[in-house]
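Coordinate inspection notes
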Amino acid sequence: MKVLFVVSEVEDLVKTGGLADVAKALPIALTDMGHEVCIVMPYYKLLAEQHPGEDCAEPQTLFASRKPYDFTIKRLQVGNVPVYALDYPAYFDRDGLYSDSYHAYPDNAERFAFFAQGALQIAKALDFQPDIVHCNDWHTALTPYFMSIDDTGFFDRSRSVFTIHNGAYQGTHRFSDIPFLQPHYLLHSQLDGDALNFVRMGIRYAHKINAVSPNYAQELLSPLGSHHLYHEFQQRRSDLSGILNGCDYTQWDPINDPHIIQTYTADDMSGKAKCKVDLQKEAQLPEDLSIPLVGMVCRLTEQKGFGYILPMLEQLMQHNVQLVIIGTGDPQISHTLRGVAERHPDKFAFIEAFSVQKAHMLEAGSDFFLMPSLFEPCGLNQMYSLAFGTLPIVRGVGGLKDTVIDLADDPQQATGFVFEHPDSEALLACIQRALLFFHEYPEQFIITQNRAMQSRFTWQHAAEQYLALYHGALGG
Ligand SMILES: Nc1ncnc2c1ncn2[C@@H]1O[C@H](COP(=O)(O)OP(=O)(O)O[C@H]2O[C@H](CO)[C@@H](O)[C@H](O)[C@H]2O)[C@@H](O)[C@H]1O
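For the structure given in this document, a descriptive report is provided here. (Residues numbered from 1 in each chain as written. Predicted model: local features only at pLDDT ≥ 70, side-chain atom pairs only at ≥ 80, totals over all residues.)

Along any regular strand the residues' side chains alternate between the sheet's two faces. The alternating pattern of strand E16 (residues 348-351) places Phe348 and Phe350 and Ala349 and Ile351 on opposite faces, both of which are buried. In this sheet, E16 lies alongside strand E15 (residues 322-329) in parallel orientation, the contact comprising four bridges. Residue pairing for E16: Leu323 is matched across the bridge by Phe348. Tracing the backbone out of E15, into helix H12 (residues 331-343) and back to the parallel element E16 gives a crossover that is right-handed. (Buried ≥ 20, exposed ≤ 12 C-beta atoms within 10 Å, placed from the backbone. Helix = DSSP H or I, 4+ residues; strand = E, 2+ residues; numbered from the N terminus. Pairing = 2+ DSSP bridges. Right-handed = clockwise from strand over helix to strand, strands pointing away.)

It is worth spelling out the site of the ligand at this point. Gly17, Gly18, His165, Cys378 and Leu380 are the nearest of the 26 residues found near the ligand. Sorting the residues of the shell around the ligand by element identifies helix H1 (18-32), strand E14 (293-300), E15 and helix H13 (356-365) as the ones contributing at least two each. No other element matches the four residues that H1 contributes to the shell around the ligand. Of the residues contributing to the shell around the ligand, the split by class is twelve nonpolar, eleven polar and three charged. Shared between two domains, the shell around the ligand takes at least three residues from each, and those domains are domain 1 (2-246 + 459-473) and domain 2 (270-454). (Near = placed C-beta within 6 Å. Nonpolar A, V, L, I, M, F, W, Y, C, P; charged D, E, K, R; others polar. Domains from an automatic or database assignment.)

All right, on to unusual backbone geometry then. The phi angle at Asp12 is positive, at roughly 85°, despite the residue not being glycine. Within the secondary structure, Asp12 sits in the loop between strand E1 (2-6) and H1. By C-beta crowding, Asp12 is classed as partly exposed, having 17 other C-beta atoms within 10 Å.

This part covers the sheet that holds E1. Strands sit in the order E3-E4-E5-E2-E1-E8-E9-E12-E13 across an open sheet of nine strands; the sheet is mixed. On the outer flanks of this sheet lie strand E3 (54-64) and strand E13 (240-242), each paired with one strand and no other. Neighbour-to-neighbour, the strand axes of the sheet open up by a mean angle of 25°, direction not taken into account. Sheet topology note: the E1/strand E2 (residues 36-42) ladder contains five bridges and is parallel. The residue bridging Phe5 from the neighbouring strand is Ile39, located in E2. (Axes fitted to C-alpha atoms, helices over the stretch in contact; angles between N-to-C directions.)

Here it is, written out as structure tokens:
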């Protein structure tokens, strides 16, 4: 199987979130199974600075709106997978990927419409005729449309798969503000007023669509969970499926994690205690193993549940607990978190940073991992937590529901704590349940940690399901 994997970020090269984790791990898993995969992504300034690529193939020109877009192709590598990066400085030689701090670039639609078609031109330039063009999220959602209108015959036997990692980001922009697309009069019939919704186009034009967990795929088919795309998903329901992401255990395993002060196993958890003290030191909290430590790492956005986390923090601080949050994002959320940290320096630390090293320290050093998302297509950090014996406290949505078993629901199989209602009371009650378990049932706590560490969500298993999806797209 030849797969062109089109994506906007890749772990080890540039990353803002979980999309990058998948964009590295899935192509590697498919390659390990003997398939020929190459990744196409934009050549951002950060890439040029930190992982400069070699020029490869001839310089390219893409004509749109009677304007020539001249670009080059840079070759990089992630694991055993070749990466081809589209180098068009006018659009990608910028400090951020999608935004400068918190303000999205006003021409993002133009940038990624161009990238969506440019990726196909890269395949032609490399003479890489794919069986599958695998697109990811709104940045690449127009690629299936561009394949459908390509009249060179190059993609006649190719089929497209569109994976939804986060359906809330849809790339909705005023069509008249996207010069690159102006000649595409076909798109006029797809507009909502003057607005073009990239994700809607991906849903309409891709041969197969999948969400990153079975439960999220179901939610997309419901009026409440569809991010206002209910009719689109319903119309394609026979082509929509859910495939649970994997966990990259080569990166996230306490047995051999180079980022933590001491490695550990389910049989010998003494290293975890050292990691806890190390995290307490890093967070400048009292170094005390008897206090339950709750950790959280995420982008600071509404999606992650801050709408009901923030209002209950003061109440939580009344308990004998420590909380560490590592994250960057919404300035209002970070402002509030800084305030709570100032008022409760011995209980709460807010580390405003994007740091892979610190994320690993937190996963290893915490007793509990907090992930009470409003919605969560799959979620990766709860899987990392399970691997580290850090019991997840999650809301029962999306992939969180598919991966964490609640203690009250099934004590014999439990791996964490699950609550339902997206409000502060339900969240606080769930955390209280976890704290009580820590204090009152230390032996059961260790048994549950051990069980969590046995959970396995391998990328090989996910890759097998993607292969089945690819075969389905090819009509086999
Ligand atoms: N401050 C920080 N420092 C260091 N690392 C940080 C960090 N903030 C976030 N990260 C890292 O970014 C990744 C976040 O992945 P998630 O899957 O949990 O969420 P995200 O919403 O970005 O992904 C979206 O895409 C993925 C992939 O499909 C889905 O699992 C998910 O549900 C969907 O929302 C993790 O690897 C995490 O460690």
